[in-house]
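One-letter residues, chain by chain:
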Amino acid sequence: MLAALAILAVPALRGAGPAPAAIPTETGTARPAYAGSSSCRECHERFYGLWSTSHHGLAMQPFTAELARTKLAPQPAPLVIGTHRYQADPAAGLVREDGPAGEKTYRIVHTLGGKNVYYFLTPLERGRLQVLPVSYDVNRKEWFDTAGSAVRHFGGMAPDTALSWRDPAYTFNTSCYSCHVSQLARNYDATTDTYRTTWGEPGINCETCHGPSAEHVRAARAIPPGQPMLDAKLIVTKTMTSDQTNAMCASCHGKLAPLTADFTPGARLFDHFQLTTLEDPDFYPDGRDLGENFTETTWRLSPCVPAGRLDCVDCHTSSGRYKFRQGDPNAACRPCHEARVNSVAAHSRHPAGSAGARCVACHMPMTEFGRMHRTDHSMRPPAPAATLAFGSPNACNLCHTDKDAQWADGQVRQWHEQDYQEPILRRGNLIAAARRADWTKLPDMVEYLLDPKREEIWATSLLRLLRTCPEEAKWPAIQACLSDRSPLVRAAAVETLGDSPLPGAREQLLAATRDEFRIVRTRAAAVLAAAPREGLAAPDRKSLDAATDEYLTSLQTRPDDWASHYNLGNFYLDRQDPTRAEEAFSAAVHFQPQSLPALVNGAMALASLGRYDQAEVRLRQALAVEPANPAVNLNLALLLAELGRLPEAEQAFRLALKSDPRSAVAAYNLGVLLAKDHPEESLEWCRRAAELRPQETRYGYTLGFFLQQQGRLDEASRVLETVISQGPPSSEAYALLGRIHERLGRPGEAAGVYSRGAANSRLSATERAQFEMRAGRTIGP
């Protein structure tokens, strides 16, 4: 039987933003409710001028000869990317491709960005707008490889490789549309795999944040001069709470997966989006940015945020400009940190007025990824000790490039009696350990999650990473997080609790289907997909059905995203509907042919349907993507063993174990496979499986069975005693241990084992009755 690679919720493609707040007509003109940003100019000339020249207003714009002449330098030589050469010709408005198939030209029709980078869009087949393979670095005034700049350098992990520029991650319609244009309709037709994407205006217009303005404009024009407008008839952002303002900005400035297609400013973030946290290797373990993460996650790490007094527009204008670029740069921090700002030289150890005495220099250092400059919104102090531990950047060495992190660490330890770096290192080490499945630190992870002062992002990250932890000791901490004040934490706890065998877990998950926040309800519905509806109380059935409808609707918000189809496939797999699961996984593979989870779980669905040949093809496809992947080799081995192709299965099991020596499943199955012809090696693998997963009684029982089969009865007895004392109840272990004692002529010990089985309330009534009979029969009359 194949094992799913992971029944996990996969977030949207990296860089995906929110769904639009409203839908324009098929012609691309806005519905009557939208008046367009030009209608705002009549009364708001100054604001219109600020907005129209801002990076919000120009987030996307038509490519023009004027832009090419004033903003771009010529590309001096072609860029070589793989087997192709690319030459941008801004004056002609095109990019030339020269490769093995000859020369091809691509028209530049739109530009994205402009603050750090200009990206360029070209029309491709079936309505796709694709980011071209060469982009322009505004700061360095040079052209560069678009996809190559996005390669991550993950320390200690498999190397990242550049995507093809034609990959869906660079398709505007599905990946980067909604934070660059306003009132967009994707208009994706799944039957023809075609887009008819339209939008009201390029860039982020006034109505993105204020909602449809046509009625506001009409009412404003009707008011006699000098009279106030008592009902604005649009969204007024000045009256928003900090949470509402931050959610509005986060809808673009966050690494999010949409739960709905109807987020509007003023709504709660976690009713409409899922947020990526530190389970993603795009973050260093200490929470600093490695890849592109779009601010919101690190913002929620900031100690300034929980108080609820700080929001984005405290430091930024509504058009995205930094308010304190002129004048006193520390004025942004003065309202809350006046004493430190007034003694900035003593606090920062840099002369007042110098660059190093600016609050943001130490607390919001700027780093670069993909030619994009970004500031660290976690606002934490420099932590050079974390640089030494995790390789993450620190503010000291970003300025003092002639020094190393060891020097910087010595300086901050000399200046500060209290070791403020210790909590950063402690939490970062927990994330790093969980990422590499080092569960020796599980007690520390549990302790952190049980602490009422646990912080939202750290707790969410640990909860998500703990899904793969096989240890029973994790469950109390996960259950404690079900009542956390953060819906993000509660949702992560629900998702991890879905794997729990604990009594009462189902009731807790059913209660989560009635949570106040959609993010929690939909996660509960996802993990309860396999739960039978029969026997549920009417309120539970009603809330579960409602949450399930919300979950399935959330998967339809992005019909052109592989992750949506992958998660739908997992839902049907849990529902024991392999036909629909296979259809969903096939759709996921269509959108992302190199998706290992979709290929492997699709093979699982095919195997459930008895279509073994096709299942093997899927797994071979996955193997071609990543030959050493342990999960792919494990699933291929299980399939080959089921088909009776044992030598091939043995080879695949060994490859899986070579890549992942801690795979108890691979060790166990290899041990079973070798039992007949290589009994000694079989015992070694079975023993390893039992040691890796002592709570898995099947592994210990199998080791005991093979030991007794080889006549090593005393050793088998010790193994089975361990299984009975440590693991969940196993009637097979009681029965085999009793029989071994009988073979050794120890009827009293055998009767004692049977009596213990009869007294174990966690065994079924039938099993307990059988053991009671055996105990009486063994002792005799």
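All residue numbers refer to position in the chain's written sequence, counted from 1. At least 70 in pLDDT is required for a residue's local features to be given in this predicted model, at least 80 for side-chain atom pairs to be given and counted, and no such filter applies to totals for whole chains, interfaces and linings, which use all residues. For the side-chain quantities, the full set of heavy atoms in the structure was used; hydrogens and water were omitted.

**Observations concerning the overall build of the protein**
Note the threshold: Comment: elements are numbered from the N terminus, with helices defined as DSSP H or I runs of at least four residues and strands as E runs of at least two. Note on method: radius of gyration uses C-alpha positions; expected globular size equals 2.2 Å times residues raised to 0.38. Think of it in three bands: residues with accessible area under 20% of the maximum for their type are buried, residues over 50% are exposed, and the middle band is partly exposed, with areas taken using a 1.4 Å probe on protein chains only. Contacts are residue-level and defined by heavy atoms, with any inter-residue pair within 4.5 Å sufficient. What sets the accessible areas is the Shrake-Rupley method with a 1.4 Å probe; for residues, cover comes only from the shown protein chains. Positive residues here are Lys and Arg, negative ones are Asp and Glu, while His and the chain termini are left out of the count. Where a charge lies is defined by one atom per residue type, namely NZ (Lys), CZ (Arg), CG (Asp) and CD (Glu).
Within the protein one finds 34 helices and 18 strands. Relative to the compact-globule value of 28 Å for 781 residues, the protein shows a C-alpha radius of gyration of 30 Å, a close match. When the backbone C-alpha atoms are referred to their principal axes, the protein occupies close to 110 × 65 × 60 Å. Taken over 781 residues, the protein has a buried fraction of 51%. Across the protein, contacts joining residues at least 24 apart in sequence account for 56% of those joining residues at least 6 apart. Just so you have it, the protein exposes about 36400 Å², and 54% of that area is on carbon and sulfur atoms. Charged side chains of the protein number 85 positive and 88 negative; the gap between the two group centres comes to 2 Å.

**Concerning the sheet that holds strand S2 (residues 79–81)**
Operational definition: Paired strands are those between which DSSP finds at least two bridges. Between N-to-C directions, angles span 0 to 180 degrees; the directions come from axes that are lines fitted to C-alpha atoms, helices contributing only their stretch in contact.
Ordered by their spatial adjacency, 4 strands build an open sheet running S2-S3-S4-S5, and the pairing between neighbours is antiparallel. Looking at which strands have only one partner, the edges of the open sheet turn out to be S2 and strand S5 (102–107). Neighbour-to-neighbour, the strand axes of the sheet open up by a mean angle of 25°, direction not taken into account. Relative to S5, strand S4 (residues 94–99) is paired through 6 bridges, and the arrangement is antiparallel. By the bridge assignment for S5, Leu94 is matched with Arg107.

**As for empty space enclosed by the protein**
Using a probe with the size of a water molecule, rolled over the atoms, empty space left in the structure can be pinpointed. The criterion, for reference: In the cavity and pocket records, a cavity denotes points on a 1 Å grid over the protein atoms alone where a 1.4 Å probe fits but cannot get out, a pocket denotes an open set with protein on both sides within 12 Å along at least 5 of 7 lines, and lining residues are residues with an atom within 4 Å of a point. Grid points are joined across faces, edges and corners, and a volume is the space filled by probe spheres set on the points. Each residue receives one of three labels: charged for Asp, Glu, Lys and Arg, nonpolar for Ala, Val, Leu, Ile, Met, Phe, Trp, Tyr, Cys and Pro, and polar for the others, Gly being one of them.
Under the counting rule described, the total for this entry stands at 1 cavity of 30 Å³ or more. Of the voids in this model, the largest cavity is the one considered here, and its volume is about 60 Å³. Considering the residues around the largest cavity, the lining is formed by Arg288, Asp289, Pro365, Thr367, Arg374, Thr375, Asp376 and Pro393. Along the lines of polarity and charge, the residues of the lining of the largest cavity split into 2 nonpolar, 2 polar and 4 charged.

**Quick notes on the packing of aromatic side chains**
Heads up, the condition is: Side-chain rings of Phe, Tyr and Trp (the six-membered ring for Trp) are treated as a pair once their centres are within 6.5 Å; stacked means planes under 30 degrees apart, edge-to-face means over 60, and tilted covers the remaining angles.
The tally for this structure, following the rule as stated, stands at 20 aromatic pairs. Judged by centre distance (6.2 Å) and plane angle (20°), the ring pair of Tyr754 and Phe771 falls under stacked. With a gap of 17 residues between them, Tyr754 in helix H33 (residues 747–759) and Phe771 in helix H34 (residues 765–779) connect regions that are remote in the sequence. The class for Tyr754 is buried, based on a relative accessible area of 1%. Aromatic ring contacts, followed pair by pair, group Phe63, Phe120, Tyr136 and Trp143 into a single cluster.

**With respect to the side chain of Arg371**
Going by this rule: Polar contact is defined as a pair of N or O atoms within 3.5 Å, subject to the rule that within protein one atom must be able to donate a hydrogen and the other to accept it, and that residues adjacent in sequence are counted only when both atoms are side-chain atoms.
Positionally, Arg371 belongs in the loop between strand S17 (366–369) and strand S18 (372–375). Within the local environment of Arg371, its side chain forms a polar contact with the side chain of Glu142, the two groups lying 2.8 Å apart. If we skip the residues at most four places from it in the chain, Arg371 touches Asn116, Val117, Asp137, Arg140, Glu142, Phe144 and Ser149.

**Topic: the state of the cysteines**
So the rule is basically this: Here, the term disulfide refers to a pair of cysteine sulfur atoms separated by no more than 2.5 Å.
According to the stated counting rule, one finds 0 disulfides in the structure shown. Summary of cysteine pairing: Cys304 is not part of a disulfide, and the nearest cysteine sulfur, belonging to Cys336, is at 7.0 Å. Counting only cysteine sulfurs, Cys481 is the nearest neighbor of Cys469, a cysteine outside any disulfide, at a range of 14 Å.

**Quick look at the pattern of salt bridges**
Put simply, the test is: Within this document, salt bridges are pairs made up of a side-chain nitrogen of Lys or Arg and a carboxyl oxygen of Asp or Glu, the two lying within 4 Å of each other.
As enumerated under the stated definition, the model contains 53 salt bridges in all. A salt bridge links Glu715 to Arg687; the shortest N-O distance between them is 2.7 Å. Here the residue Glu715 occupies a position in helix H31 (residues 713–726), and Arg687 occupies one in helix H29 (residues 679–692), the gap between them amounting to 28 residues. Under the relative-accessibility criterion, Glu715 is labelled partly exposed at 22%. Each of Asp137, Arg140, Glu142, Glu368 and Arg371 takes part in one network of salt bridges that share partners.

**Points about the nonpolar core**
Soluble, globular proteins show a tendency: their nonpolar side chains are buried together. Keep this limit in mind: Definition used in this section: a nonpolar core is a set of buried Ala, Val, Leu, Ile, Met, Phe, Trp, Tyr and Cys residues joined via side-chain atoms within 4.5 Å.
Formed by 81 residues in total, the largest nonpolar core has its most connected members in Phe653, Leu703, Leu720 and Phe771. Here this core gets 9 residues from one element, more than from any other, and that element is helix H24 (residues 596–608). Beyond its immediate sequence surroundings of up to four residues, Phe771 is in contact with Ser731, Tyr734, Ala735, Tyr754, Gly757, Ala758 and Leu763.

**Quick look at the packing of H31 against helix H32 (residues 731–743)**
Where we set the bar: Under this scheme an angle from 65 to 115 degrees is roughly perpendicular, one under 35 degrees roughly parallel, and one over 145 degrees roughly antiparallel; angles in between are oblique. By definition, any crossing whose near helix is turned counterclockwise from its far helix by less than a right angle is left-handed, and any crossing with a clockwise turn is right-handed.
At a minimum axis separation of 9 Å, H31 and H32 run at an interaxial angle of 150°. Considering the angle they form, H31 stands roughly antiparallel to H32. Crossing hand, H31 versus H32: left-handed. Across the interface between the two elements, Leu713, Ala716, Ser717, Leu720, Glu721, Val723 and Ile724 from H31 touch Ala733, Tyr734, Leu736, Leu737, Ile740, His741 and Arg743 from H32. By residue class, the composition of the contact of H31 with H32 is 10 nonpolar, 2 polar and 2 charged.

**Some points on the side chain of Asn760**
Tracing the chain through its elements places Asn760 in the loop between H33 and H34. Contacts of Asn760, omitting those with residues within four sequence positions, involve Pro729, Tyr734 and Arg768.

**Description of helix H18 (residues 487–497)**
Of all 11 residues that make up H18, 11 are buried, and the element is covered over most of its length. Residues of H18 that are buried: Pro487, Leu488, Val489, Arg490, Ala491, Ala492, Ala493, Val494, Glu495, Thr496 and Leu497. Residues of H18 that are buried make contact with strand S16 (273–275), helix H16 (456–465), helix H17 (475–480), helix H19 (505–512) and helix H20 (518–527). The N-cap of H18, judged by a side-chain oxygen 3.2 Å from the amide nitrogen of Leu488 a few residues on, is Ser486.

**Details of the packing of helix H30 (residues 697–709) against H32**
Where H30 meets H32, the closest approach of the two axes is 10 Å, and the angle between their N-to-C directions is 25°. With respect to their mutual orientation, H30 and H32 come out roughly parallel. The hand of the H30/H32 crossing is left-handed. Two secondary-structure elements touch here, H30 through Tyr701, Gly704, Phe705 and Gln708 and H32 through Glu732, Ala733, Leu736, Ile740 and Arg743.

**A few points about the confidence of the model for the protein**
The line we're drawing: By definition, pLDDT measures how confident the predictor is in each residue, and it falls between 0 and 100.
Per-residue confidence for the protein averages 92 on the pLDDT scale, and 95% of its residues sit at or above 70. Within the model, pLDDT remains below 50 along residues 1–30, and this stretch shows 109 contacts once partners closer than five positions in the same chain are excluded.

**Thoughts on the pairing of strand S9 (residues 134–137)**
Judged by which residues are buried, S9 turns out to be covered on both faces: Val134 and Tyr136 on one side and Ser135 and Asp137 on the other are all buried. As paired elements, strand S7 (residues 117–123) and S9 share 2 bridges and run antiparallel to each other. Within the sheet, the bridge partner assigned to Val117 lies in S9 and is Asp137. Sheet topology places S9 next to strand S10 (residues 142–145); 4 bridges connect them, and they run antiparallel. By the bridge assignment for S10, Asp137 is matched with Glu142. Linking S9 to S10, which pair antiparallel, is a turn of 4 residues; within it Lys141 sits at a positive phi near 55°.

**Things to note about unusual backbone geometry**
You will see that Gln183, though not glycine, has its phi angle at about 50°, which is positive. In this model, Ala437 sits at a positive phi of 60°, which is unusual for a non-glycine residue. Relative to the helices and strands, Ala437 resides in the loop between helix H14 (421–435) and helix H15 (442–450). For Ala437, a relative accessible area of 29% corresponds to the partly exposed category.

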